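Structural features, examined
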Amino acid sequence: DGHIGVIFKDKITVCAPWRYSREFTTLHEIGHLVFEKLMTPELKKEWSKVAKKNKKQNQDHDEENFCMAY
């Protein structure tokens, strides 16, 4: 459904997209876990401020921006 990777319980499954390597995709999916499990609300607010300064990032999706940077 347009996703390059999926996390289900303790498994990360990635595809081999033409644009990104499997290694990049795996790190991106780990970034989702870091964002969800380790970032406090305060850190998420700080990240949002940083991400808004970068014009190339998608302004509406802080978590996706974090995972691409991760």
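This section reports on the structure supplied with the text. (Residues numbered from 1 in each chain as written. Predicted model: local features only at pLDDT ≥ 70, side-chain atom pairs only at ≥ 80, totals over all residues. Heavy atoms only, no water.)

A few points about the packing of helix H1 (residues 22-37) against helix H3 (residues 62-69)
Relative orientation of the contacting elements H1 and H3 amounts to 130 degrees, with a least axis distance of 8 Å. The angle between the axes of H1 and H3 places the two elements in the oblique class. Here H1 and H3 pass one another in a crossing that is right-handed. Two secondary-structure elements touch here, H1 through Phe24, His28, Gly31, His32, Val34 and Phe35 and H3 through Asp62, Glu63, Glu64, Phe66, Cys67 and Met68. (Axes fitted to C-alpha atoms, helices over the stretch in contact; angles between N-to-C directions. Helix = DSSP H or I, 4+ residues; strand = E, 2+ residues; numbered from the N terminus. Parallel < 35°, antiparallel > 145°, perpendicular 65-115°, else oblique. Left-handed = near helix turned anticlockwise from the far one by under 90°. Contact = heavy atoms within 4.5 Å.)

Description of the pattern of salt bridges
Applying the stated criterion to the full structure yields two salt bridges. Close ionic contact of Glu46 with Lys49 constitutes a salt bridge, the shortest N to O distance being 3.4 Å. Separated by three residues within a single helix, Glu46 and Lys49 lie in helix H2 (residues 41-53), roughly one turn from each other. A relative accessible area of 43% means that Glu46 is categorised as partly exposed. The exposed category is assigned to Lys49, whose relative accessible area is 51%. (Salt bridge = Lys/Arg side-chain N within 4 Å of Asp/Glu carboxyl O. Buried < 20%, exposed > 50% of the residue type's maximum accessible area, 1.4 Å probe, protein only.)

Examining unusual backbone geometry
Notably, Lys9 is not glycine yet its phi reads approximately 55 degrees, a positive angle. Note that Lys9 resides in the loop between strand E1 (5-8) and strand E2 (11-14).

Quick word on the packing of H2 against H3
Running from N to C, H2 and H3 cross one another at 75 degrees; their axes reach a closest spacing of 10 Å. Taken together, the axes of H2 and H3 are roughly perpendicular relative to one another. Contact with H2, carried on its side by Trp47, Ser48, Ala51 and Lys52, involves Asp62, Asn65, Phe66 and Ala69 of H3 and no other residues of that element. Within the contact of H2 with H3, the residues separate by chemical class into four nonpolar, two polar and two charged. (Nonpolar A, V, L, I, M, F, W, Y, C, P; charged D, E, K, R; others polar.)

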